[in-house]
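Residues per chain are reported as follows:
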Amino acid sequence: MTRPIVHVWRLLKWGRVLARHGALRGIERDPNTPPQVRRLARIARFGARIPKVPTYGQAFQELGPAAIKFGQALATRPDLVGAEAAKNLQTLQDNLPPAPFEEVRRAIETGLEKPLEEVFREIDPEPVGAASIAQVHRAITTEGKLVAVKVLRPNIEEDFARALDTYEWAAAQVEGMGGEIARLRPRAVIAQFRQWTARELDLRREAASASELRENLVAESGFYVPAIDWTRTSRRVMTLEWIDGIKLTDRDALVEAGHDLASLAAILVRAFLRQAVIDGFFHADLHQGNLFALPDGKLAAIDFGIMGRIDRQARFWLAEILYGLLTGNYRRVAEIHFEAQYVPAHHNVDEFATALRAVGEPIRGLPVKDISIGQMLDGLFTITRDFDMATQPHLLLLQKTMVMEEGVAHALDPDINMWETAEPFLREWVRGELGPEAALADRLVRDFRTFAKIPELIRRIDHYYPPPGGAPPEPPLPDVVLVQPHHYWRYVLTALVAAAAGAAATWWLG
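Since the model is a prediction, treat every value here as computed from it, not as a measurement. (Residues numbered from 1 in each chain as written. Predicted model: local features only at pLDDT ≥ 70, side-chain atom pairs only at ≥ 80, totals over all residues. Heavy atoms only, no water.)

S.K.: Looking at this structure, how should I read the overall build of the protein chain?
M.R.: For the protein chain, the helix and strand inventory stands at 24 helices and eleven strands. Among the 510 residues that make up the protein chain, the fraction classed as buried is 45%. Within the protein chain, contacts between residues at least 6 apart in sequence are counted, and of these 66% link residues at least 24 apart. When the accessible surface of the protein chain is summed, it comes to about 28,400 Å², and 57% of that surface belongs to carbon and sulfur atoms. (Helix = DSSP H or I, 4+ residues; strand = E, 2+ residues; numbered from the N terminus. Buried < 20%, exposed > 50% of the residue type's maximum accessible area, 1.4 Å probe, protein only. Contact = heavy atoms within 4.5 Å. Areas by Shrake-Rupley, 256 points an atom, 1.4 Å probe, with all protein chains shown as cover.)

S.K.: In this structure, what is going on with the pairing of strand β4 (residues 146–152)? I would like to understand it.
M.R.: Working note: regular strand, side chains alternate between the two faces of the sheet. Counting buried residues along β4, six of its seven residues qualify, which places the element largely inside the surrounding structure. Where strand β3 (residues 134–141) folds back on β4, the antiparallel hairpin that results is connected by four residues, among which Gly-144 adopts a positive phi of roughly 90°. When β4 meets strand β6 (residues 237–241), the two strands line up antiparallel, connected through five bridges. Its bridge partner being in β6, Lys-150 is matched across the sheet by Met-238. (Pairing = 2+ DSSP bridges.)

S.K.: Any chance you could explain the packing of aromatic side chains here in plain terms?
M.R.: One pair of aromatic rings is described through two measures. These are the centre distance and the angle between the planes. Under the criterion given, the structure shown has three aromatic pairs. Here Phe-338 and Phe-352 contribute two aromatic rings whose centre-to-centre distance is 6.1 Å and whose plane-to-plane angle is 80°, an arrangement assigned as edge-to-face. Taken together, the residues span a long stretch of sequence, with Phe-338 in helix α17 (residues 330–339) and Phe-352 in helix α18 (residues 349–364) at a distance of 14 residues. Assigned by exposure class, Phe-338 and Phe-352 land together as buried. Over the ring of Trp-242 we find Arg-138, and its NZ or CZ is 4.8 Å from the ring centre. (Phe/Tyr/Trp six-rings, centres within 6.5 Å; stacked < 30°, edge-to-face > 60°. Lys NZ or Arg CZ within 6 Å of the ring centre and 35° of its normal.)

S.K.: Is there a simple way to explain the environment of Leu-152 in this structure?
M.R.: As for its position among the elements, Leu-152 is in strand β4. Leu-152 gets classed as buried once you look at its relative accessible area, which sits at 2%. In the structure, Leu-152 is positioned 51 residues away from Leu-203 in sequence and 8.1 Å away in space, judged by C-alpha atoms. Apart from residues no more than four positions distant in its own chain, Leu-152 is found in contact with Ile-133, Ala-134, Glu-157, Glu-200, Leu-201, Leu-203, Arg-235 and Arg-236.

S.K.: Before we go on, may I ask you to explain helix α1 (residues 4–20) in this structure?
M.R.: For the α-helix, the turn length of 3.6 residues means that residues three or four positions removed from each other point alike. With 17 residues, α1 ought to run about 24 Å at 1.5 Å a step, and its terminal C-alpha atoms sit 24 Å apart, in line with that. Among the residues of α1, His-7, Arg-10, Gly-15, Val-17, Leu-18 and Ala-19 are the ones counted as buried. Looking at the packing, one finds that the buried side of α1 touches α3 (35–45), α4 (56–63) and α10 (156–176). One or two positions beyond α1, positive phi appears at Gly-22, with a value near 75°. (Expected span 1.5 Å × (residues − 1).)

S.K.: Please explain the packing of α1 against α4 as it appears in this structure.
M.R.: Helix packing geometry: the angle between the two helix axes and the distance between the axes. The geometry of α1 relative to α4 is characterised by a closest axis approach of 8 Å and an angle of 145° between their N-to-C directions. Classified by chirality, the crossing of α4 by α1 is right-handed. Together, Trp-14, Val-17, Leu-18 and Arg-20 of α1 and Ala-59, Phe-60, Glu-62 and Leu-63 of α4 make up the contact between the two elements. Among the residues forming the contact of α1 with α4, the class breakdown is six nonpolar, no polar and two charged. (Axes fitted to C-alpha atoms, helices over the stretch in contact; angles between N-to-C directions. Left-handed = near helix turned anticlockwise from the far one by under 90°. Nonpolar A, V, L, I, M, F, W, Y, C, P; charged D, E, K, R; others polar.)

S.K.: How should I be thinking about unusual backbone geometry in this particular structure?
M.R.: Note on backbone geometry: most residues besides glycine have negative phi, and most peptide bonds are trans. With phi around 60°, Asn-155 is a residue other than glycine that occupies positive phi space. Relative to the assigned elements, Asn-155 resides in the loop between β4 and α10. On the basis of relative accessibility, which here comes to 55%, the residue Asn-155 falls in the exposed class. With phi around 60°, Asp-303 is a residue other than glycine that occupies positive phi space. If you trace the backbone, Asp-303 turns up in the loop between β10 (299–301) and β11 (307–309). Among the residues examined, Asp-303 registers a relative accessible area of 22% and is labelled partly exposed.

S.K.: What is the right way to look at the pattern of salt bridges in this model?
M.R.: Two side chains of opposite charge can pair, provided their charged atoms sit close to one another. For the structure on display, the rule yields 20 salt bridges. Between Glu-168 and Arg-194 there is a salt bridge; the shortest N-O distance is 2.7 Å. Here the residue Glu-168 occupies a position in helix α10, and Arg-194 occupies one in helix α12 (residues 186–200), the gap between them amounting to 26 residues. Residue Arg-194 is classed as partly exposed on the basis of its relative accessible area, which comes to 35%. For Arg-332, the salt bridge goes to Glu-339, with nearest N and O atoms at 2.9 Å. Exposure remark for Glu-339: the relative accessible area of 44% places this residue in the partly exposed category. Taken together, the salt bridges that share partners define one network made up of Arg-331, Arg-332, Glu-335, Glu-339 and Asp-350. (Salt bridge = Lys/Arg side-chain N within 4 Å of Asp/Glu carboxyl O.)

S.K.: In this structure, what is going on with the side chain of His-7? I would like to understand it.
M.R.: With respect to the element layout, His-7 can be found in helix α1. Side chain to side chain, His-7 and Thr-166 meet in a polar contact 3.0 Å long. Beyond its immediate stretch of four places on either side in the chain, His-7 contacts Thr-2, Asp-165, Thr-166 and Trp-169. (Polar contact = N/O pair within 3.5 Å; in protein donor to acceptor, adjacent residues only side chain to side chain.)

In structure tokens:
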């Protein structure tokens, strides 16, 4: 177990880096920051030259791979770090120096348990991308197929283990101080971050996510997910189909190649809605760098390390919340928040409806094409403090992805009408999932599953309460108070004391 002094030393070193980039200014000024944390921040910045405008993204890049990933996680928490910091953290780029190819070769051969030449006919020693956790090389298989090979960086697991150890220790100390910071659940943030990194540090799980998403999106013909080469995939190595397209970050190249940007934006919106609304399993890192326009006009995605899941009931609630905000039915939206237990029961549902009206009315006054899903959801988070709403990690990841997806779509087509694009898709889904037929079908399914449990329930009751055997019932036995063996000494001691007392009395009177 790491000693507290080691954690404090690491935090001071990291704090020094953050201070040089002005990233501690918000912590010191926030009235909700515990005094102990504010004091540690002041020590960390002592003597440092503080820039006027904080550069949070650069600070986390300087701290290394684990901090970069943590910064990306914090970018989904504007309620925790503030809107300005969250926006700056969204600019984090995983542009790191690549590992030497000899180390990459050893990692591939160890991971696939074969010499490199038996797996790939050729592989480019220069990576096409070097991120915080892994780097990607272009290769040709022994069968002549062009593929992308993703390899974990050497010693990346140890680096993350050390960082996570200190993150968890610091989060526990801060949350234990109570107050507003405890409501924001920093320990839950770190726990979620650990889950994200565990998935990304096992490339088999990322490959499985890509495979599942590819199966789910068969019906969305305009969106493409590359196939996984499972024979060349292990915990530290993942091989997948090479994507030959133009990144959405290069708008000029897209225009020069003749791509219909409006069509690409519409494909992105429909594909994301199908992932989030129908399947409840969505790519949670849909920024421009992970999206490619293919020569045939399709849109392709890569990097499946961060995926989100929401269950069916949560999807129903989200659909009703969005619809209620757009139609002005704030009372119903408030009721859903209480039904979902997002708001503690000691609050007043009507007061919460009024707070929601303050978020919804400015949106309702705008033309449909100017309605921003991102601003609407961001507005909801501004009222969480007043109503003691605990963090819902699965909804935060969805919110972050919706905001990101909306930004990418608007970058492609500034005139896109998000709701008109999504309306045919959503209308069919709402009719199929929230209509009376769907409610009746759900009831029948639940009742059938309940009745199906009855035979097993009877067998379990019979196991614990078996029928009587062939012998006749025994006669009733009288209740007899038992003398416990370990209480014998009390009787012996009483007898000895009585005998001694009697002897003493006889001697005294004699």
